[in-house]
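In case you want the letters, here they are:
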Amino acid sequence: MKNKTLIIIVIIAATAAALSLGIYQKRTHQINASLLQIEQLMYERPDSAWKILQHMPSISQLRKEEQALHALLFTQAQYKNYIPVKSDSLLRIAEAYYRTSSDSLHKAWTLFYLAQYYRDSDEKEKALSYFQQANIASRNIENNQFKFLLNLHWANLLSDEDAENKGIEKYQTANKYAILLKDTLKQIDLYGQWGWCCLLTGKYDCADSLFNMGLKLSTSSKMTYYNYLLNCLSLTAREKKDYKRALELVNRSLSLAKDSTELYPLWNNKGEILLEMNQYDSAHFYLSKDTRDYDPYFKATHYLNWSIYEEKIKNLPKALEYSKRYAELLDTIYQKRLESKVVNLQHKYDYSLIQSENKLLKIKRQRLYISLTAICMAVLTVAVIFFYKRREEKRKLAEQMRSKDDLMKEMRLQLQEKTIDLHAAQEKIIEKETALDKELSQREKMRSEYSSKEAAMRKEILRHSEIIRKMEQLNKMSQQDKIQSRSVVLSDEEQDNLAEVINICYNNFTDRLWKKFPTLTKADISLCCLIKIGISNSNMLYLLETNKVALKKRKNRLKHDKMGMDENDSLDEFIMEF
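Residues numbered from 1 in each chain as written. Predicted model: local features only at pLDDT ≥ 70, side-chain atom pairs only at ≥ 80, totals over all residues. Heavy atoms only, no water.

Student: Explain the overall build of the protein to me, please; I cannot follow it from the model alone.
Tutor: Helix and strand counts for the protein come out as 25 helices and zero strands. Going through the 578 residues of the protein one by one, you find that 34% of them count as buried. Put simply, of all contacts in the protein between residues at least 6 apart along the chain, 55% involve residues at least 24 apart. Counting every atom, the protein has about 37300 Å² of accessible surface; 55% of that belongs to carbon and sulfur. (Helix = DSSP H or I, 4+ residues; strand = E, 2+ residues; numbered from the N terminus. Buried < 20%, exposed > 50% of the residue type's maximum accessible area, 1.4 Å probe, protein only. Contact = heavy atoms within 4.5 Å. Areas by Shrake-Rupley, 256 points an atom, 1.4 Å probe, with all protein chains shown as cover.)

Here you go:
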């Protein structure tokens, strides 16, 4: 009883473990599939990918591999949806996993977004270091999309850091990958950013050339970049003191602008051009139209422009007031940057705390595993003790069995007496079997007579069949008459009648044949019926109006293709026995 209980407990435990493992594997498979679908969706619909990621299970509930991919995709979705990334904690999780992983592509993306984060956090040296690491990680992968983005952002950062030659190399590399991608929009974007860097560093001819290259690719004025590039060319012309061309370009851009988002920077640019051309009334009109004040940088630009304007019209008190506002706003911007750095440091401190907590959790998990191992060892020890006790019980049981042997001998004598009675009963059974054999013999005789009558009836039915008449006609005809006469050829109606007769005479022969081989045609059934009643191949030639080669091919097709018989099997024997 105890043994059965133990077996039941073991079975229940094994079943529970198997179910848990199955559920865990199913859940893991579903999460992996979801993350891979999100990754595919990221390039076409980043907003949808972001919404799905927000409804995924908490990252703490995932395995390390899933945590890393989830962290990477979450950060990628933030950048693609222009959501500020305020902490590198998620990217650190991905970096910790992919550092030792063979997954070069995800490792490269992680390092790339770390570089993006540190660039946005104004930690340029770290950003450059991570761009370099991402480049090394991507050497063995074929992903032109990634390599284009890497070199483009790397080039922008190098240009900001006054490493112009290296920046130009990265822009050229990015251009190579944009050409390989055959993506015109990427090339236009590249020329726009490259030209802007040249404009900021005072290389106006280079900037002008790059903006024009982008403009040529923007063959339609309806393209998003066309208006932007016109304004950039206007800014370049303004810096080169070619105010006439600058004004012409900004007017073209204004004629194509569709909404205030595009018009504000154009109005500001035109106002600055007119201010430098000393057309103060027109400059005042266009500078006043740019009412953007939701960003401190826009406000600072406005104060600076109005300070210059008031100074040029000799309104020095007003110019001084705007200069003070401009200086105060610069101080505010600097203070905000400083506060942002403090917040970043706080995030890093919080991240280090999280890491410490994770280590403590890891230690607790290890202790739990040790406890579980100790419990398993204790259970195993109890099982071994139980096994030895059980064996001792079996030994005692064997001794009891030996003490019962004497009793078994007495029972054996009683069994011998009963055996004699059994022999007598067997003789009676033999007599009954003899009587049964006689009865079976009589039934066999009756069956034989029935078979004879059935054969005679079948012969009588066939004798009245059209096929018998034609066979008699064939036997009376000469060889020449057989060849020339068509009267012996079986018509379709006669073949159908033959199938019905054979079906009646041979226990639904045609129905059974059709059921087993449903691909058989009426012509195949007619041929089988002729074989069934023993018509020779020579007579079949005249009845079916064919030749020996055609008949042989027909039989082979029926045998191999439709009935699936081997080469050594006999079609005629099979039909006769079916």
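Further notes follow.
Student: When you look at the packing of helix H13 (residues 260–276) against helix H15 (residues 296–312) in this model, what are you seeing that I'm missing?
Tutor: Axes are the key here: two packed helices are described by the angle between their axes and the distance separating the axes. In the contact formed by H13 and H15, the axes pass within 11 Å of each other and the chain directions differ by 25°. Considered as vectors, H13 and H15 are oriented roughly parallel to each other. Seen from above, H13 lies across H15 with left-handed handedness. When H13 is examined against H15, the residues Asn-268, Glu-272, Leu-275 and Glu-276 are found in contact with a partner set consisting of Thr-301, His-302, Asn-305, Ile-308, Tyr-309 and Lys-312. Residue composition of the contact of H13 with H15, grouped by class: three nonpolar, four polar and three charged. (Axes fitted to C-alpha atoms, helices over the stretch in contact; angles between N-to-C directions. Parallel < 35°, antiparallel > 145°, perpendicular 65-115°, else oblique. Left-handed = near helix turned anticlockwise from the far one by under 90°. Nonpolar A, V, L, I, M, F, W, Y, C, P; charged D, E, K, R; others polar.)

Student: What is the right way to read the nonpolar core from this model?
Tutor: The nonpolar side chains of soluble globular proteins are, as a tendency, buried together. Counting residues in each nonpolar core, the largest one holds 65 residues, and the members touching the most others are Leu-53, Phe-112, Phe-146 and Phe-148. Residues contacting Phe-112, with those up to four places away along its chain left out, are Phe-131, Ala-134, Phe-146, Leu-149, Leu-150 and His-153. Met-477, Val-488, Leu-490 and Leu-544 belong to the second largest nonpolar core, which has 35 residues in total. (Core = buried A, V, L, I, M, F, W, Y, C linked by side-chain atoms within 4.5 Å.)

Student: Mind showing me how you'd approach helix H20 (residues 492–505) here?
Tutor: Helical periodicity: at 3.6 residues per turn, an α-helix aligns residues three or four positions apart in one direction. Along its 14 residues, H20 runs 20 Å from first to last C-alpha, staying within 8% of the 20 Å computed at 1.5 Å per residue. Here H20 has its buried residues at Glu-494, Gln-495, Leu-498, Ala-499, Val-501, Ile-502, Asn-503 and Cys-505. Positive phi appears at Asn-507, one or two residues downstream of H20, with a value of about 55°. (Expected span 1.5 Å × (residues − 1).)

Student: What should I look at first to understand a nonpolar patch on the surface in this one?
Tutor: Nonpolar side chains collect at one region of the surface, where Leu-368, Tyr-369, Leu-372, Ile-375 and Val-379 lie side by side and expose about 500 Å² of accessible area between them. Relative to the assigned elements, Tyr-369 resides in helix H16 (residues 316–403). Classification of Tyr-369 as partly exposed rests on a relative accessible area of 49%. (Patch = residues over 30% accessible without salt bridge, like charges linked within 9 Å, V, L, I, M, F, W, Y side chains within 5 Å. Salt bridge = Lys/Arg side-chain N within 4 Å of Asp/Glu carboxyl O.)

Student: Is there a simple way to explain the packing of helix H5 (residues 104–120) against helix H6 (residues 124–137) in this structure?
Tutor: The N-to-C vectors of H5 and H6 enclose an angle of 165°; their axes lie 8 Å apart at closest approach. As far as their axial angle goes, H6 and H5 are roughly antiparallel. At the point where H5 passes H6, the crossing takes the left-handed sense. Contacts from Ser-104, Lys-107, Ala-108, Leu-111, Phe-112, Leu-114, Ala-115, Gln-116, Tyr-118 and Arg-119 in H5 reach Lys-124, Lys-126, Ala-127, Tyr-130, Phe-131, Gln-133, Ala-134 and Ala-137 in H6.

Student: Sorry, what's going on with the layout of surface pockets here?
Tutor: With a probe scaled to a water molecule rolled over the atoms, the places where space remains empty come into view. By volume, the second largest pocket amounts to about 1200 Å³. Contributing to the lining of the second largest pocket are 38 residues, with Trp-196, Asn-231, Leu-235, Pro-265 and Arg-292 lying nearest its centre. (1 Å grid on protein atoms, 1.4 Å probe; cavity = no way out; pocket = protein on both sides within 12 Å on 5 of 7 lines; lining within 4 Å. Points joined across faces, edges and corners; volume = space filled by probe spheres on them.)

Student: Help me understand unusual backbone geometry, please; the structure alone is not making it clear to me.
Tutor: Backbone geometry follows two general trends: most residues other than glycine have a negative phi, and most peptide bonds adopt the trans configuration. Although it is not a glycine, Lys-182 adopts a positive phi angle of roughly 55°. Here Lys-182 shows up in the loop between helix H8 (164–181) and helix H9 (184–200). Located in the positive-phi region is Lys-314, a residue other than glycine, with phi close to 70°.

Student: In this structure, what is going on with the pattern of salt bridges? I would like to understand it.
Tutor: Two side chains bearing opposite charge may form a pair once their charged atoms approach each other closely. Within the structure shown, the criterion is met by 20 salt bridges. The partner of Asp-47 in a salt bridge is Arg-45, and the shortest N-O contact between them spans 3.7 Å. For Asp-47, a relative accessible area of 34% translates into the label partly exposed. Linking Glu-393 and Arg-390 is a salt bridge whose minimum nitrogen-to-oxygen distance equals 3.3 Å.

Student: Mind showing me how you'd approach H13 here?
Tutor: Helix length check: H13 (17 residues) gives 24 Å between terminal C-alpha atoms against 24 Å at 1.5 Å per residue, within 8%. The set of residues buried in H13 consists of Leu-263, Leu-266, Trp-267, Asn-268, Asn-269, Lys-270, Gly-271, Glu-272, Ile-273, Leu-274 and Leu-275. A positive phi of about 65° marks Asn-278, the residue just after H13.

Student: When you look at the side chain of Asn-539 in this model, what are you seeing that I'm missing?
Tutor: When you line up the elements, Asn-539 lands in helix H23 (residues 537–543). Sequence-distant contacts of Asn-539, that is, excluding residues within four places in its chain, are made with Met-471 and Leu-474.

Student: So what exactly am I meant to see when it comes to the packing of aromatic side chains here?
Tutor: By convention here, two paired aromatic rings are described through the distance between centres and the angle between planes. Considering all chains together, one arrives at 17 aromatic pairs under this definition. Ring geometry for Phe-112 and Phe-146: centres 5.9 Å apart, planes at 75°, overall edge-to-face. Here Phe-146 lies in helix H7 (residues 144–160) and Phe-112 lies in helix H5, a separation of 34 residues in the sequence. Just as Phe-112 is buried, Phe-146 falls in that class too. Between Tyr-117 and Tyr-118 the ring centres are 5.2 Å apart and the planes differ by 70°, which places this aromatic pair in the edge-to-face class. Of the two residues, Tyr-117 and Tyr-118, both sit in the buried class. Through a chain of ring-to-ring contacts, the aromatic side chains of Tyr-79, Trp-109, Phe-112, Tyr-113, Phe-131, Phe-146 and Trp-154 assemble into a single cluster. In this structure, Lys-176 is placed above the aromatic ring of Tyr-177, and the distance from its NZ or CZ to the ring centre is 4.8 Å. (Phe/Tyr/Trp six-rings, centres within 6.5 Å; stacked < 30°, edge-to-face > 60°. Lys NZ or Arg CZ within 6 Å of the ring centre and 35° of its normal.)

Student: Any chance you could explain the side chain of Glu-272 here in plain terms?
Tutor: Tracing the backbone shows Glu-272 in helix H13. Discounting chain neighbours no more than four positions away, the residues touching Glu-272 are Arg-238, Leu-287, Thr-301 and Asn-305.

By themselves these figures say nothing about function.
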